[in-house]
Amino acid sequence: MATSDTVAATIRAVWKLESAKLIAVLARITRDVGLAEELAQDALVAALERWPRDGIPDSPIAWLVTVAKRRAINATVRERMLDRKHEELGRDAGASEIDVDALDDHIGDDLLRLIFVACHPTLSPEARVALTLRLLGGLTTEEIARAFLAQEPAIAQRIVRAKRALAEAGVEFEVPRGADLEARLSSVLEVIYLVFNEGYAANAGDDAIRPALCEEALRLGRVLAGLVPGEPEVHGLVALMELHASRTPARLDPAGNVVLLLDQNRARWDQLLIRRGLAALGRAEALGSRGRYVVQAAISACHARAHAAADTDWARIVALYGELAQVMPNNPVVELNRAMAIAMVDGPAAGLSRLDALADAPALRGYHWLPAARADLLAKLGRTSEACDQLERAAALAGSEADRARLLARAAELRA
Amino acid sequence: MRFLLTYHSSAPGDLSPEKSAALQKLVEDNMKAGILLDTGGILPGVKVAQKNGEFAVTDGPFTETKELVVGYAIVQVRDREEAIEHARRFMKIAGDGAGEIRQLAGPLDVPPHH
């Protein structure tokens, strides 16, 4: 017989694994994510009461859904819903025992609907991120606040407002179709990538929940890829995240400073994630059309495939940046990276003339990577004094003390 | 967090078609859930050791071992409790046996303090 500690641990784990599905099923029935969340919590409380006594059910999710649906039809809840919803609720909750296979069949659709609702374009990106992590990631408000270096009341407010905004906008709990799908999907992908990048920006010594955001984004991306397997950009985003995440062990030196891609110890790259990333890219490319995520993943894959920095296929990377510039036109950051790739193929002078053309781009004003990139090419051309000037300019613009120190150290090294 | 789950059984390969189908579904579900990164079977092997600079290979089978490591799974989960829950679900289908759950030094674990 399992001890009560073991059962409590199981319930906590089941909650983390199943809460999104449970909320998704309940949101379809109630058409109200806030109410769905409350009902899901009630079912959790019931599990905490019953499982230690009755044992862990064969299908924890089916048990939770059954209990939550039963509660959904109690009188208090009924009052809060429209008649139309009633009928649906009555029909859905009619069977007291859930058919596990039937549940399996529609749970994916429910989850997909919930993802689209949480990432609805009517919400600001910040609100979408908070709601997604809360409903789909099962993170508490307190955890989201810690992950985003924000105050808990501010996040709680953001989530409450987001739910209200969804209700007020009368957002349909449906998977978008046709032309609508593309725009809605790109809103979802944007949210997942924002979560990933927030985790990727974590520094040494940060709370463990920050780098864990990368794993959460990866998990969400993989789930989405399973739900809409015909969308190349979803596989592209998954590939991009898997490949970027594979490099995290090599990204910081023992002192906690950022190590640039070409200087990283590739033996520390995570081969399992690289393999998964390349496989996801393969799935994306097999589907045909190539958007921003697929092309960025393809660029990332060129680095992943090179066992040493010197083996990098720069000609291919230049071609891919050309393609990326088509799907992300007038993006100065893309152009900057393209110029650096051109420098690797046609020499530093070719890259520098590209960078000079970007000098006045408003989006790059205050972007320290531009003078840093120029410095790199000027140094290669032997124009040391100009390179040092650019490094000092970059240092003045750098956001972190570590970047500033690295740039100034490089200038000192050149001057020596 | 990344964990390595191993499964040790005295009756490897003794799977009914029903068990086998249920395990296949479990693997598919966990792949789709973004949790299962890799999984596979483990066949008997040899033991290697080095003592006083001397490298030695011992052929199997290891008759002293009743239970052989027959399979593994690498999962990405949020904590150890979740990894344990996956082992519970697996064994519920696979049957009696033993296992080990070890955290791997995954790529996204907290950067160490310096």
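Owing to the predicted nature of the structure, the values given are computational and were not obtained by experimental measurement.

(A) Fine view of the overall build of chain B. Helix and strand content of chain B: 2 helices and 6 strands. Helices and strands in chain B line up, N terminus first, as β-α-β-β-β-β-α-β. For chain B, the residues scored as buried account for 24% of the 114 residues in total.

(B) Representation of helix H2 (residues 33-54) of chain A in the model. All names here are of chain A. Taking 1.5 Å of rise per residue, the 22 residues of H2 would be expected to cover 32 Å, and the 30 Å separating its terminal C-alpha atoms lies within 8% of that figure. Where H2 bends most, at leucine 48, the angle is about 30°, and the proline proline 52 comes one to four residues later. The set of residues buried in H2 consists of Val33, Leu35, Ala36, Glu37, Leu39, Ala40, Ala43, Leu44, Ala47 and Trp51. Among the residues trailing H2, glycine 55 stands out with phi positive, at a value near 90°.

(C) Spatial organisation of the packing of helix H1 (residues 4-30) of chain A against helix H2 (residues 80-94) of chain B. In contact at an axis separation of 8 Å, H1 of chain A and H2 of chain B are set at 95° when each is read in the N-to-C sense. When the axis of H1 of chain A is compared with that of H2 of chain B, the two are roughly perpendicular. Where H1 of chain A abuts H2 of chain B, its residues Ala9, Thr10, Arg12, Ala13, Val14, Lys16 and Leu17 of chain A lie against Glu81, Glu82, Ile84, Glu85 and Arg88 of chain B. Class assignment for the residues of the contact of H1 of chain A with H2 of chain B results in 5 nonpolar, 1 polar and 6 charged.

(D) Region of the structure containing the nonpolar core. All names here are of chain A. By size, the foremost hydrophobic cluster in this structure holds 122 residues, and its most contacted members are Leu22, Ile23, Leu26, Ala68, Leu114 and Ala297. Counting residues per element, this core draws most heavily on H1, at 13 residues. Excluding its chain neighbours within four sequence positions, the residues that come into contact with leucine 22 are Ala40, Ala43, Ile61, Leu64, Val65 and Ala68.

(E) Structural context of the pairing of strand S5 (residues 68-76) of chain B. Residues and elements named next belong to chain B. Bridge count for strand S1 (residues 2-9) against S5 is 8 bridges, and the pairing is antiparallel. Bridged to threonine 6 within S5 is tyrosine 72. Sheet analysis places strand S2 (residues 36-41) next to S5, joined by 5 bridges and oriented antiparallel. Note that in S5 the partner of glycine 40 across the bridge is tyrosine 72.

(F) View of helix H17 (residues 348-358) of chain A. Residues and elements named next belong to chain A. Along H17, the residues that are buried comprise Pro348, Gly351, Leu352, Arg354 and Leu355. In an axial view of H17, the angular spread of the buried residues amounts to 160°, which keeps them on one side of the axis. Residues Ala349, Asp356 and Ala357 are exposed on H17 and point more than 90 degrees away from its buried face. Residues of H17 that are buried in the fold lie against helix H16 (332-346) and helix H18 (369-380).

(G) Here's a closer look at the interface of chain B and chain A. Listed per partner, the contact involves 21 residues of chain B and 30 residues of chain A. Counting residues per element, the ones that place at least two in the side of chain B that touches chain A are S2, S5 and H2 of chain B. Per-element accounting of the side of chain B that touches chain A gives the leading share, 5 residues, to H2 of chain B.

(H) Region of interest: the environment of leucine 213 of chain A. Residues and elements named next belong to chain A. Tracing the backbone shows leucine 213 in helix H11 (residues 209-227). For leucine 213, a count of 27 C-beta atoms within 10 Å translates into the label buried. Those residues within four positions of leucine 213 in sequence are excluded, and the remaining contacts are Ala147, Val195, Phe196, Glu198 and Gly199.

(I) Expanded view of the confidence of the model for chain B. Averaged over every residue, the pLDDT of chain B is 87; residues scoring 70 or more account for 87%. Taken over the whole predicted complex, pTM reads 0.90, whereas the ipTM for its chain interfaces reads 0.88.

Parameters and conventions
Residues numbered from 1 in each chain as written. Chains lettered and ligands numbered in written order. Predicted model: local features only at pLDDT ≥ 70, side-chain atom pairs only at ≥ 80, totals over all residues. Helix = DSSP H or I, 4+ residues; strand = E, 2+ residues; numbered from the N terminus. Buried ≥ 20, exposed ≤ 12 C-beta atoms within 10 Å, placed from the backbone. Expected span 1.5 Å × (residues − 1). Bend = angle between axes of the 7 residues up to and from the residue. Axes fitted to C-alpha atoms, helices over the stretch in contact; angles between N-to-C directions. Parallel < 35°, antiparallel > 145°, perpendicular 65-115°, else oblique. Contact = placed C-beta atoms within 7 Å. Nonpolar A, V, L, I, M, F, W, Y, C, P; charged D, E, K, R; others polar. Core = buried A, V, L, I, M, F, W, Y, C linked by C-beta atoms within 7 Å. Pairing = 2+ DSSP bridges. Arc of directions from axis to C-beta. pLDDT = per-residue confidence, 0-100.

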